[in-house]
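Letter by letter, the chains look like this.
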Amino acid sequence: MNPVVVAEDVAKRYGETVALDGASLSIDAGEVFALIGPNGAGKTTLVRALTGTVSPDSGSVSVLGTAPADVDASRLGVLPQSFSPPDRLSARELLAYYASLYPESRDPDTVLAEVGLADSAETWYENLSGGQQRRACVGSTLLNDPDVLVLDEPTTGIDPAGRRTIHRLIEDLAADGTTVLLTTHDMAEAERLADRVGLLADGTVLDVGSPAALVDRHAGSDRLVVDLAETETDTESPMTAADLVATARETLPNRIERDRSRLVVHDVDPTDIGSVADDLSTAGIEYTGLRWTEPGLEAVYYALADAETDAVTGGPESVAGEASVTSNPPISDVGGGRP
Ligand SMILES: Nc1ncnc2c1ncn2[C@@H]1O[C@H](COP(=O)(O)OP(=O)(O)OP(=O)(O)O)[C@@H](O)[C@H]1O
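This write-up is about the structure you can find in this document. Model, not experiment: these values are computed from the prediction. (Residues numbered from 1 in each chain as written. Predicted model: local features only at pLDDT ≥ 70, side-chain atom pairs only at ≥ 80, totals over all residues. Heavy atoms only, no water.)

Attention shifts here to helix H7 (residues 211-218). Where H7 is concerned, the buried positions are Pro 211, Leu 214, Val 215 and His 218. What you see down the axis of H7 is that its buried residues fit within an arc of 100°, all on one side. Facing away from the buried side of H7, by more than 90 degrees, are the exposed residues Ala 212 and Asp 216. At the exit of H7 stands Gly 220, carrying a positive phi of roughly 80°. (Buried < 20%, exposed > 50% of the residue type's maximum accessible area, 1.4 Å probe, protein only. Helix = DSSP H or I, 4+ residues; strand = E, 2+ residues; numbered from the N terminus. Arc of directions from axis to C-beta.)

Take the packing of aromatic side chains next. Within this structure, the stated rule accounts for three aromatic pairs. Aromatic side chains Tyr 97 and Tyr 98 sit 5.1 Å apart centroid to centroid with 70° between the ring planes, which places their arrangement in the edge-to-face category. For Tyr 97, a relative accessible area of 40% puts it in the partly exposed group. In this structure Tyr 98 comes out as buried when scored by relative accessible area, which is 14%. On the numbers, 5.5 Å between centres and 85° between planes, the contact of Tyr 301 with Tyr 302 is edge-to-face. Tyr 301 sits in the buried class, given a relative accessible area of 16%. Taken together, Phe 83, Tyr 97 and Tyr 98 form an aromatic cluster joined through their ring pairs. Just above the ring of Tyr 14 sits the side chain of Lys 12; from NZ or CZ to the centre is 5.5 Å. (Phe/Tyr/Trp six-rings, centres within 6.5 Å; stacked < 30°, edge-to-face > 60°. Lys NZ or Arg CZ within 6 Å of the ring centre and 35° of its normal.)

This part is about the site of the ligand. Inspection of the region around the ligand gives 14 residues, with Gly 40, Lys 43, Thr 44, Thr 45 and His 185 positioned closest. Within the backbone of Ala 41, one N or O atom sits 3.1 Å away from an oxygen atom of the ligand. Here an oxygen atom of the ligand and a backbone polar atom of Gly 42 are 2.9 Å apart. Notes on the ligand: free accessible area 630 Å², of which the protein chains cover 64%. Residue assignment for the shell around the ligand shows that the elements contributing at least two residues are strand S2 (17-28) and helix H1 (43-50). Per-element accounting of the shell around the ligand gives the leading share, three residues, to H1. Residues that form the shell around the ligand fall into these classes: four nonpolar, eight polar and two charged. (Near = heavy atom within 4 Å. Polar contact = N/O pair within 3.5 Å; in protein donor to acceptor, adjacent residues only side chain to side chain. Areas by Shrake-Rupley, 256 points an atom, 1.4 Å probe, with all protein chains shown as cover. Nonpolar A, V, L, I, M, F, W, Y, C, P; charged D, E, K, R; others polar.)

In this section: the sheet that holds strand S6 (residues 148-152). Pairing is mixed across the open sheet formed by six strands, whose spatial order is S5-S6-S7-S3-S8-S9. Every other strand in the sheet has two partners, leaving strand S5 (76-79) and strand S9 (204-209) as the edge strands with one partner each. Neighbour-to-neighbour, the strand axes of this sheet turn through a mean angle of 15°, independent of strand direction. As defined by bridge partners, strand S3 (residues 32-36) adjoins strand S8 (residues 196-201) across four bridges and the pair is classed as parallel. Bridging across to S8, Ile 36 finds its partner in Leu 199. Helix-sheet contacts for H7 involve S8 and S9, and the interaxial angle to S9 is about 110°. (Pairing = 2+ DSSP bridges. Axes fitted to C-alpha atoms, helices over the stretch in contact; angles between N-to-C directions. Contact = heavy atoms within 4.5 Å.)

Structure representation (structure tokens):
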């Protein structure tokens, strides 16, 4: 493989704040790499180190085999997280301005169409909506037809249709061999676009892998969520959470967990849902719905980021793979494994 973006053991402090604490990653030519992580994890600082606008205190960075400051500008496109182009230029003038910075550039109108702004070409930047402004900013990174594209939260503020436009654009660029590093808080976006994902927390890259590999490593098994009937959850019911799980386990071999209004049955194949329903009926457990869920990158995020936060704060260990039900109070793990 041919790494074109490399960070090795990069550290950066701002006064007392440790923004990066030995962050490492390596992105191969033609790869789409998504950097995810909580607010303040250090994503922007790492992106800035890789694009030459922040000097690391230690460690090394390189892009296209050279220090970021020495990279041929015509080969690199960078969308910073905060980007404030001149307000009183139309979308077309803005792109034409950025095109003029390169000896060879793409046609601004073609790029405007690619980012879905053809109909707003004459609108001043200040009069574009927030999402349209972000699209224009994405467009400004494409005028030099870069080999490496670095996008810090490219779709923040963009509506679902606009996101789809940008996603297709990134997919097309990747298909043409562009190497893409993007940061995002949208797990579906990372899952859709990225060949590999790196999770950064507290300035350290905790793990890197394809979305599927990360899910395998950190997110736990497929599970069936059983929405319990009120009779099982109202305060009059004598059934405690432990009782209910114990009852369910008399018939179900799977690991079972319970939170207030739900049972979570692990390792359920979709074809087994009917037999689980039969087992619940046999156990006399009333429910209003069954939902089969496959853990995704969001579960990885919570498993890794929460574990890191807990390690720092001394809080409880998170249970990997429970992110799909984290909108409710934590599930108490009282079940057993499959025999
Ligand atoms: N120029 C700066 N001066 C002082 N502190 C900074 C500076 N830039 C970043 N930091 C701090 O470094 C830490 C990492 O910030 P950074 O912007 O890299 O995080 P992030 O992962 O990109 O966050 P977000 O998801 O909110 O964009 C934060 O605690 C932030 O306050």
